[in-house]
Amino acid sequence: MHTSLRLLCFLPLLAATACSFSKTLENAARNIQLNTPEPIKVDMKITLDVYQHEAPGSAKVQEKAPTDLAEVNRRKFNRQQEIQELKNNRYVAETHRGLLFLRDQPAGTYGAYVKKTVEDENADRKTLMLEEAAKQKRELNELEKERHDAAVSNAFAGEYIEIADPAKPGSWKIVQKVK
């Protein structure tokens, strides 16, 4: 029993020591400095890779290869007679952008054919102009102006062409060419 009496006397001393130790830890924690006298310098190297993922079901657009440009030129050459007939029938006009404008679309399936022919011709003309502009390192609008000037000078009397509107600077109007 003597030992247990000693333990009972020792318990208050142990509790006081633990409380004192807790206070010491608390004071030590208050004295810990969390900021730095100078800013922390970090040396990092970051690489950012950007990927464009195609939407499901979308076809990948391929750039025009030289053989594709030959195909565009061939299609444009083969379409010349049809385009001239459309001009003679007054369905289309040459615009200041070097493209065709569908002035009057006939009815029915022939109208759909005319519209598709004009769209195809304009797509091929645009492709060729963009390729030429990139190759010659020129602005697209310069080529458009050259193509327009050539189309106006080659147009027959009565064909529709687009000219600058003197009444409205900066705008254009479609008129029939006169000799």
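Please read these numbers as outputs of a predicted model, since none were measured by experiment.

Q: For the nonpolar core, give the residues involved together with the corresponding values.
A: Among soluble globular proteins, nonpolar side chains are generally buried collectively. With seven residues, the main nonpolar core is built from Ile83, Leu86, Tyr91, Val92, Leu100, Val114 and Val118. Leave out the neighbours within four places in its chain, and Leu100 touches Ile83, Lys87, Val92, Ala93, Glu94, Thr95, Val118, Glu121, Asn122 and Arg125.

Q: Can you lay out the environment of Arg79 for me, pointing to particular residues and giving the numbers?
A: Mapped onto the elements of the fold, Arg79 is located in the loop between helix H2 (66–78) and helix H3 (80–88). When its relative accessible area of 9% is taken as the criterion, Arg79 is described as buried. Separated by 39 residues in sequence, Arg79 and Val118 have C-alpha atoms that sit 9.9 Å apart.

Q: Let's hear about the side chain of Asp165: which residues, and what values?
A: One can find Asp165 in the loop between strand S3 (160–164) and strand S4 (172–176). Lys173 provides the closest opposite charge to the buried, salt-bridge-free Asp165, at an N-O distance of 4.2 Å. Within the structure, the side chain of Asp165 is placed 3.1 Å from the backbone nitrogen of Ala167, a separation counted as a polar contact. In this view, Asp165 contacts Ser171, Trp172 and Lys173; residues no more than four positions away in its chain are not counted.

Q: Which residues make up the sheet that holds strand S2 (residues 100–102), and what values do they have?
A: Within a sheet, adjacent strands bond to each other through the backbone by hydrogen bonds, running parallel or antiparallel. One open sheet accounts for four strands, arranged S2-S1-S3-S4; its pairing is mixed. Whereas interior strands pair on both sides, the edge strands pair on one side only; in this sheet they are S2 and S4. Pairs of neighbouring strands in the sheet enclose a mean axial angle of 35°, with direction left out of account. Summarising the sheet, S3 and S4 pair through five bridges and their orientation is antiparallel. Residue Ile163 lies in a different strand from S4, and its bridge partner there is Lys173.

Q: Residue-level account of the pattern of salt bridges, with values.
A: The final tally for this structure, using the stated rule, is 15 salt bridges. The partner of Glu94 in a salt bridge is Arg125, and the shortest N-O contact between them spans 2.9 Å. Linking Glu94 in strand S1 (residues 92–94) with Arg125 in helix H4 (residues 108–136), this pair joins segments that are 31 residues apart in sequence. The residues Glu94 and Arg125 share a single accessibility class, namely buried. Its salt-bridge partner being Arg138, residue Glu146 comes within 2.3 Å of it at the nearest N-O pair.

Q: If you had to explain unusual backbone geometry to someone new, which residues and values would you point to?
A: Where the residue is not glycine, phi is negative for most of them; where a peptide bond is considered, it is trans in most cases. With phi around 65°, Arg90 is a residue other than glycine that occupies positive phi space. Looking at the secondary structure, you find Arg90 in the loop between H3 and S1. With a phi angle near 55°, Lys137 is a residue other than glycine that sits in the positive phi range. Take Lys137: it is sitting in the loop between H4 and helix H5 (140–154).

Q: Talk me through H4; I want residue IDs and the actual numbers.
A: Residues lying three or four places apart along an α-helix face the same way, a consequence of the helix completing one turn every 3.6 residues. An ideal rise of 1.5 Å per residue puts 42 Å on 29 residues; H4 measures up with 42 Å between its terminal C-alpha atoms. Within the sequence span of H4, burial applies to Gly111, Val114, Thr117, Val118, Glu121, Asn122, Asp124, Arg125, Thr127, Leu128, Met129 and Ala133. Lys137 sits one or two residues past H4 and shows a positive phi near 55°.

Q: Outline the packing of H3 against H4, supporting the account with residue identities and numerical values.
A: For the pair H3 and H4, the least separation of the axes is 11 Å and the interaxial angle reads 120°. Here H3 is positioned oblique relative to H4, judged by the angle of their axes. Handedness of the crossing formed by H3 with H4: left-handed. On H4, the residues that touch Glu82, Ile83 and Leu86 of H3 are Tyr110, Tyr113, Val114, Thr117, Val118, Glu121 and Arg125. Looking at side-chain class alone, the contact of H3 with H4 contains six nonpolar, one polar and three charged residues.

Analysis parameters
- Residues numbered from 1 in each chain as written.
- Predicted model: local features only at pLDDT ≥ 70, side-chain atom pairs only at ≥ 80, totals over all residues.
- Heavy atoms only, no water.
- Core = buried A, V, L, I, M, F, W, Y, C linked by side-chain atoms within 4.5 Å.
- Buried < 20%, exposed > 50% of the residue type's maximum accessible area, 1.4 Å probe, protein only.
- Contact = heavy atoms within 4.5 Å.
- Helix = DSSP H or I, 4+ residues; strand = E, 2+ residues; numbered from the N terminus.
- Lys, Arg positive; Asp, Glu negative; His and termini not counted.
- Salt bridge = Lys/Arg side-chain N within 4 Å of Asp/Glu carboxyl O.
- Polar contact = N/O pair within 3.5 Å; in protein donor to acceptor, adjacent residues only side chain to side chain.
- Pairing = 2+ DSSP bridges.
- Axes fitted to C-alpha atoms, helices over the stretch in contact; angles between N-to-C directions.
- Expected span 1.5 Å × (residues − 1).
- Parallel < 35°, antiparallel > 145°, perpendicular 65-115°, else oblique.
- Left-handed = near helix turned anticlockwise from the far one by under 90°.
- Nonpolar A, V, L, I, M, F, W, Y, C, P; charged D, E, K, R; others polar.

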